[in-house]
Each structure stands twice: as structure tokens, then as C-alpha cells.
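Geometric and topological summary
The chain contents come next:
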Amino acid sequence: MSTPFLAGLAIAGAALAGKYVIQAWQSFKARPPKPRLRKFYDGGFQPKMTRRESALILGISRENAGTEKVKEAHRRVMVANHPDAGGSHYLASKINEAKDVMLGKTKDGGSAF
């Protein structure tokens, strides 16, 4: 006598759990997608530095940033990568080249390396 009752109770419990699983799945699918921000730039340096590449190196969002913003970004990146503080000479030259490109003081030779 108790077997049909327990079977019905198990079926009702499974149906209720299934209902909540379906609701959770639908709310998961309906949420807005999060933009995937890439923290690092894929690829190496280009032979001749462009304004886009220099903006990526300095961490500036726009390629036509103002002089003060470029100098502030250069200072911030250079403090983190300065050769006297254990940074690379190559990266320091690329950071300086990026600042020169953004400020319009480019040379034809590119970096020293």
C-alpha cells in the first residue's frame, strides 16, 4: 500500500526539481552576455610602429589622445618597466618609441633593437 504512495511522491519531487532546473536554465540563457576583454595584445611588434600599436603599448584607449594623457601613460608604463628597476631595455625602447609616435616625434629608424 505504501509503495504506490512513495512512487508518487518520488515522481512529484522529480517533477518539481525538473521545473526549477528548467527555470534556472532559461534565466541563465536570458542574461546579457559579458564582454570579453583581452588583457594582453596577441602578436609581436610590427617593423614600423603605428599609432594603433603605440596606443596599445601605452594602454591608451584612443589613438588621438592628448599630449598630457600620452605623457601620463608613458610615465605609468615606464615606471613599471624601467631597466633600472629590473625591466627590459628592449621594452623601454619600445615604450619610448610609442611615446614618440603618439607625440609625432617619429624617427625613420625605429627602435634601437
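Because the structure is a prediction, the values reported are computed rather than measured.

1. Considerations on the packing of helix α3 (residues 67–81) against helix α4 (residues 89–103)
It is at 10 Å that the axes of α3 and α4 come closest, and there the two elements cross at 180 degrees. Considering the angle they form, α3 stands roughly antiparallel to α4. Contact with α3, carried on its side by Thr67, Val70, Lys71, His74, Val77, Met78 and Asn81, involves Leu91, Ala92, Ile95, Asn96, Lys99, Met102 and Leu103 of α4 and no other residues of that element. A breakdown of the residues in the contact of α3 with α4 according to their chemical character gives eight nonpolar, four polar and two charged.

2. Details of the nonpolar core
Formed by 13 residues in total, the largest nonpolar core has its most connected members in Leu58, Ile60, Val70, Ile95 and Met102. Mapped by element, the contributors of at least two residues to this core are α3 and α4. Ignoring any residue separated from it by four or fewer positions in sequence, one finds Ile95 in contact with Ile57, Leu58, His74, Val77, Met78 and Asn81.

3. What about the environment of Gly87?
Tracing the backbone through its elements, the reader meets Gly87 in the loop between α3 and α4. A relative accessible area of 24% means that Gly87 is categorised as partly exposed. If we ignore the near neighbours within four places in the chain, the residues touching Gly87 are Asn81 and His82.

4. Overview of the pattern of salt bridges
All told, the structure shown has one salt bridge when counted by the stated rule. The partner of Lys94 in a salt bridge is Glu97, with the nearest N and O atoms 3.5 Å apart. Of this pair, Lys94 and Glu97 are both found in helix α4, three residues apart, which corresponds to roughly one turn of the helix. Residue classification places Lys94 among the buried positions, given a relative accessible area of 6%. A relative accessible area of 13% means that Glu97 is categorised as buried.

5. A closer look at the confidence of the model for the protein chain
In this model, the protein chain carries a mean pLDDT of 84, and residues with pLDDT of at least 70 account for 85%. By mean pLDDT, helix α2 (residues 51–58) is the weakest element of the protein chain at 88, and helix α1 (residues 2–30) is the strongest at 92.

6. Notes on the side chain of Glu53
Inspection of the secondary structure puts Glu53 in helix α2. Despite being buried, Glu53 has no salt bridge partner; Lys94 is the closest side chain of opposite charge, sitting 5.8 Å away. With sequence-adjacent residues up to four places away left out, Glu53 is seen in contact with Gly44, Phe45, Gln46 and Lys48.

7. Examining α4
Taking 1.5 Å of rise per residue, 15 residues should cover 21 Å, and α4 covers 21 Å from first to last C-alpha, within 8% of that figure. For α4, the full list of buried residues reads Ala92, Ser93, Lys94, Ile95, Glu97, Ala98, Val101 and Met102. On its buried face, α4 is in contact with α2 and α3. For α4, the capping residue at the N-terminal end is Ser88, with a side-chain oxygen 3.1 Å from the backbone nitrogen of Tyr90. Taken from the residues just after α4, Gly104 is the one with a positive phi, measuring 85 degrees.

Thresholds, definitions, all that
- Residues numbered from 1 in each chain as written.
- Predicted model: local features only at pLDDT ≥ 70, side-chain atom pairs only at ≥ 80, totals over all residues.
- Heavy atoms only, no water.
- Axes fitted to C-alpha atoms, helices over the stretch in contact; angles between N-to-C directions.
- Helix = DSSP H or I, 4+ residues; strand = E, 2+ residues; numbered from the N terminus.
- Parallel < 35°, antiparallel > 145°, perpendicular 65-115°, else oblique.
- Contact = heavy atoms within 4.5 Å.
- Nonpolar A, V, L, I, M, F, W, Y, C, P; charged D, E, K, R; others polar.
- Core = buried A, V, L, I, M, F, W, Y, C linked by side-chain atoms within 4.5 Å.
- Buried < 20%, exposed > 50% of the residue type's maximum accessible area, 1.4 Å probe, protein only.
- Salt bridge = Lys/Arg side-chain N within 4 Å of Asp/Glu carboxyl O.
- pLDDT = per-residue confidence, 0-100.
- Lys, Arg positive; Asp, Glu negative; His and termini not counted.
- Expected span 1.5 Å × (residues − 1).
- Polar contact = N/O pair within 3.5 Å; in protein donor to acceptor, adjacent residues only side chain to side chain.

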